[in-house]
Amino acid sequence: MVAVTAALIGLLILTALVYDITRLFGCDEPRRPPLARLRGRRAALEAAELRVVGLRLHHRLDQAAYQQRMSSLAHGRRAPARPVSTVGGRHG
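Residues numbered from 1 in each chain as written. Predicted model: local features only at pLDDT ≥ 70, side-chain atom pairs only at ≥ 80, totals over all residues. Heavy atoms only, no water.

Per the secondary structure count, the chain includes four helices and zero strands. From first element to last, N terminus to C terminus, the chain shows the α and β order α-α-α-α. A buried classification covers 14% of the 92 residues belonging to the chain. Residue pairs in contact within the chain that sit at least 24 positions apart in sequence constitute 32% of those at least 6 positions apart. Of the roughly 7800 Å² that the chain leaves accessible, carbon and sulfur atoms contribute 62%. (Helix = DSSP H or I, 4+ residues; strand = E, 2+ residues; numbered from the N terminus. Buried < 20%, exposed > 50% of the residue type's maximum accessible area, 1.4 Å probe, protein only. Contact = heavy atoms within 4.5 Å. Areas by Shrake-Rupley, 256 points an atom, 1.4 Å probe, with all protein chains shown as cover.)

Let's shift gears to the confidence of the model for the chain. With 66% of its residues at a pLDDT of 70 or more, the chain has an overall mean of 77. Averaged pLDDT values for the elements of the chain fall to 57 in helix 2 (residues 34-39) and rise to 91 in helix 1 (residues 2-25). (pLDDT = per-residue confidence, 0-100.)

Once that is clear, we can look at helix 4 (residues 63-74). Compared with an ideal rise of 1.5 Å per residue, which puts twelve residues at 16 Å, helix 4 spans 16 Å between its outermost C-alpha atoms and is within 8% of the ideal. Every buried residue of helix 4 is listed here: Ala-65, Arg-69, Ser-72 and Leu-73. Buried residues along helix 4 cover an arc of 105° about the axis, so they all sit on one side. Away from its buried face, by an angle of more than 90 degrees, helix 4 presents the exposed residues Ala-64 and Ala-74. Where the residues of helix 4 are buried, they touch helix 3 (41-57). (Expected span 1.5 Å × (residues − 1). Arc of directions from axis to C-beta.)

This paragraph deals with the packing of helix 3 against helix 4. Between helix 3 and helix 4, the shortest axis-to-axis distance is 10 Å and the interhelical angle comes to 175°. Here helix 4 runs roughly antiparallel to helix 3, going by the angle between their axes. Taking contact as the criterion, the partners of Leu-45, Ala-48, Glu-49, Val-52, Val-53, Leu-55 and Arg-56 in helix 3 are, on helix 4, Gln-63, Tyr-66, Arg-69, Met-70 and Leu-73. Here the residues of the contact of helix 3 with helix 4 sort into eight nonpolar, one polar and three charged. (Axes fitted to C-alpha atoms, helices over the stretch in contact; angles between N-to-C directions. Parallel < 35°, antiparallel > 145°, perpendicular 65-115°, else oblique. Nonpolar A, V, L, I, M, F, W, Y, C, P; charged D, E, K, R; others polar.)

Before going further, it helps to examine the side chain of Ser-72. Within the secondary structure, Ser-72 sits in helix 4. A distance of 2.7 Å separates a polar atom in the side chain of Ser-72 from the backbone oxygen of Arg-69. (Polar contact = N/O pair within 3.5 Å; in protein donor to acceptor, adjacent residues only side chain to side chain.)

With that settled, the discussion passes to the nonpolar core. In terms of nonpolar packing, the biggest core is built from five residues, these being Ala-48, Val-52, Leu-61, Ala-65 and Leu-73. Put simply, the parts of the chain that give this core at least two residues each are helix 3 and helix 4. Once residues within four sequence positions are removed from consideration, Val-52 is found in contact with Leu-61, Tyr-66, Arg-69, Met-70 and Leu-73. (Core = buried A, V, L, I, M, F, W, Y, C linked by side-chain atoms within 4.5 Å.)

Bringing unusual backbone geometry into the picture now. Phi is positive for His-59, close to 60°, though the residue is something other than glycine. Relative to the assigned elements, His-59 resides in the loop between helix 3 and helix 4. Note on His-59: relative accessible area 52%, which makes it exposed.

The structure is reproduced here in structure tokens:
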């Protein structure tokens, strides 16, 4: 009986480990943004595109970062939360 209990506990630990690893390397965004819940995925992608274009127009993104974010939006992935830019903005 003790061996069966130990095997079940080991299986649970192994399952939790696999689950955590898949969550770690899985999706960056664990849930959809609120806009996607309210108006659908298309509206969320359009809003994200407008944010990226706004960052580019205000010199917060360089050309390479802009292209990377727009291509990730085209593939349905979300861009990183913080802009990574070599171009200095107001503080640069």
